[in-house]
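Tertiary structure, described
Spelled out from the first residue to the last, the chains are:
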Amino acid sequence: MAAAAGGGGGRPPGPDSSLEPYVQTRIFKIIVIGDSNVGKTCLTFRFCGGTFPDKTEATIGVDFREKTVEIEGERIKVQVWDTAGQERFRKSMVEHYYRNVHAVVFVYDVTKMTSFTNLKMWIEECNGHAVPPLVPKVLVGNKCDLKDLIQVPSSMALKFADAHNMLLFETSAKDPKESQNVESIFMCLACRLKAQKSLLYRDVERRPGRGHRLELTRDANGKNACPC
Ligand SMILES: Nc1nc2c(ncn2[C@@H]2O[C@H](COP(=O)(O)OP(=O)(O)OP(=O)(O)O)[C@@H](O)[C@H]2O)c(=O)[nH]1
Ligand SMILES: [Mg+2]
């Protein structure tokens, strides 16, 4: 596809750069919401970077993390908004969190009951920002590695999740054995969003010199099927 600069040799001229092919990559904006210290930063780190951070500080405003995934042959950019749990670090940003959001992850800490009871407030905040009912939402109980300290029984969390029409994931950002489960949270949402065909292509990526790529690469093994 690439043509030598300067032409000659009977070859066709290289493509005009303004006509370079585009690849359209959908971006799914997923926000992670919940009390301070429940592990939002660690969960997003685990999903996007594959590791558990040695040390975290309270998030101020928002941190963005991204991961490109492939689902049924389509490359999708999952843009994770790691929000601040502390009121003073989030109040000027709240509008931005919810604007054009595609999916919401509500997080609580299984070792801290107040982080679970506060979910009601987080859901109210979300509803108060006119997030459409079609926007998928999931519930995540984090820090399951701290088995002896668990305060929120699974049965209670499941009941709450059912009542709010959400899937429940109980996991640990810290335990490497749970990394697949953490991945499933975001992949499940991405799969659901992909199935909502009405979502617009929100991002157009220019990929010079790669030929026409509007036809999408296919996973020969049919991997990346929806985990939920
Ligand atoms: N044992 C255990 N500790 C965790 C886990 N996830 C996070 N932590 C710890 O919990 C503390 C808070 O984690 P963060 O990810 O910074 O919490 P956050 O929800 O982002 O907090 P804010 O940014 O203030 O909203 C840190 O000390 C983490 O190391 C987990 O799965 N297990
Ligand atoms: Mg944080």
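In this report, the structure presented in the accompanying data block is examined. (Residues numbered from 1 in each chain as written. Chains lettered and ligands numbered in written order. Predicted model: local features only at pLDDT ≥ 70, side-chain atom pairs only at ≥ 80, totals over all residues. Heavy atoms only, no water.)

**Side note on the overall build of the protein chain**
To keep it simple, the criterion reads: The way it works is that DSSP assigns letters per residue, a run of H or I at least four long becomes a helix, a run of E at least two long becomes a strand, and they are numbered from the N terminus. Relative accessibility thresholds used throughout: buried, under 20% of the residue-type maximum; exposed, over 50%; partly exposed, between the two (1.4 Å probe, protein chains only). Contacts are residue-level and defined by heavy atoms, with any inter-residue pair within 4.5 Å sufficient. Only the protein chains shown count as cover for residues, and the accessible areas themselves come from Shrake-Rupley with a 1.4 Å probe.
Of the regular secondary structure elements, the protein chain holds 7 helices and 8 strands. Looking at the protein chain as a whole, 44% of its 228 residues are labelled buried. Sequence separation of at least 24 residues holds for 76% of the intrachain contacts in the protein chain that already meet a minimum separation of 6. Summing over all exposed atoms, the protein chain offers an accessible surface of approximately 12600 Å²; the carbon and sulfur share of this is 52%.

**Digging into the layout of surface pockets**
Threshold: Think of a 1 Å grid over the protein atoms and nothing else: a 1.4 Å probe that fits but is trapped marks a cavity, an open set flanked by protein within 12 Å on at least five of seven lines marks a pocket, and residues with an atom within 4 Å of a point count as lining. Grid points are joined across faces, edges and corners, and a volume is the space filled by probe spheres set on the points.
There is about 410 Å³ of room inside the largest pocket. As for the largest pocket, its lining consists of 24 residues, and the residues nearest its centre are Asn37, Val38, Gly39, Cys42 and Thr56. Within the residue set of the lining of the largest pocket, elements represented by two or more residues are helix H1 (40-49) and strand S4 (74-83). Ranked by residues supplied to the lining of the largest pocket, first place goes to H1 with 3 residues.

**Looking at unusual backbone geometry**
Phi is positive for Asn37, close to 80°, though the residue is something other than glycine. For Asn37, the location among the structural elements is in the loop between strand S2 (26-34) and H1. Even without glycine at this site, Asn100 takes up a positive phi of about 55°. Mapped onto the elements of the fold, Asn100 is located in the loop between helix H3 (94-98) and strand S5 (103-109).

**As for the pattern of salt bridges**
Operational definition: We define a salt bridge as a contact between a side-chain nitrogen of Lys or Arg and a carboxyl oxygen of Asp or Glu at a distance within 4 Å.
The full count for this structure, using the stated rule, is 10 salt bridges. The partner of Arg65 in a salt bridge is Asp82, and the shortest N-O contact between them spans 3.0 Å. Of this pair, Arg65 sits in strand S3 (residues 62-71) while Asp82 sits in strand S4, and the two are 17 residues apart along the sequence. With a shortest N-O distance of 3.3 Å, Asp109 and Lys143 are connected by a salt bridge. Here Asp109, found in strand S5, pairs with Lys143, found in the loop between strand S6 (137-142) and helix H6 (154-163); they are 34 residues apart in sequence, far enough to count as distant. By sharing partners, the salt bridges in this structure join Arg26, Glu74 and Lys194 into a single network.

**Remarks on the packing of aromatic side chains**
To keep things clear, this is the line we draw: Aromatic pairs are defined between Phe, Tyr and Trp rings, using the six-membered ring for Trp, whenever the two ring centres lie within 6.5 Å; interplanar angles under 30 degrees are classed as stacked, those over 60 as edge-to-face, and all others as tilted.
Counted by the stated rule, this structure contains 4 aromatic pairs. Aromatic pair Phe64 and Trp81: ring centres 4.7 Å apart, planes at 90°, arrangement edge-to-face. Separated by 17 residues along the polypeptide, Phe64 in strand S3 and Trp81 in strand S4 bring together distant segments of the chain. For Phe64, a relative accessible area of 51% corresponds to the exposed category. With relative accessibility at 11%, the residue Trp81 sits in the buried group. Centroid distance Tyr108 to Phe116: 5.1 Å. Interplanar angle 70°. Geometry classified as edge-to-face. Judged by its relative accessible area of 6%, Phe116 falls in the buried class.

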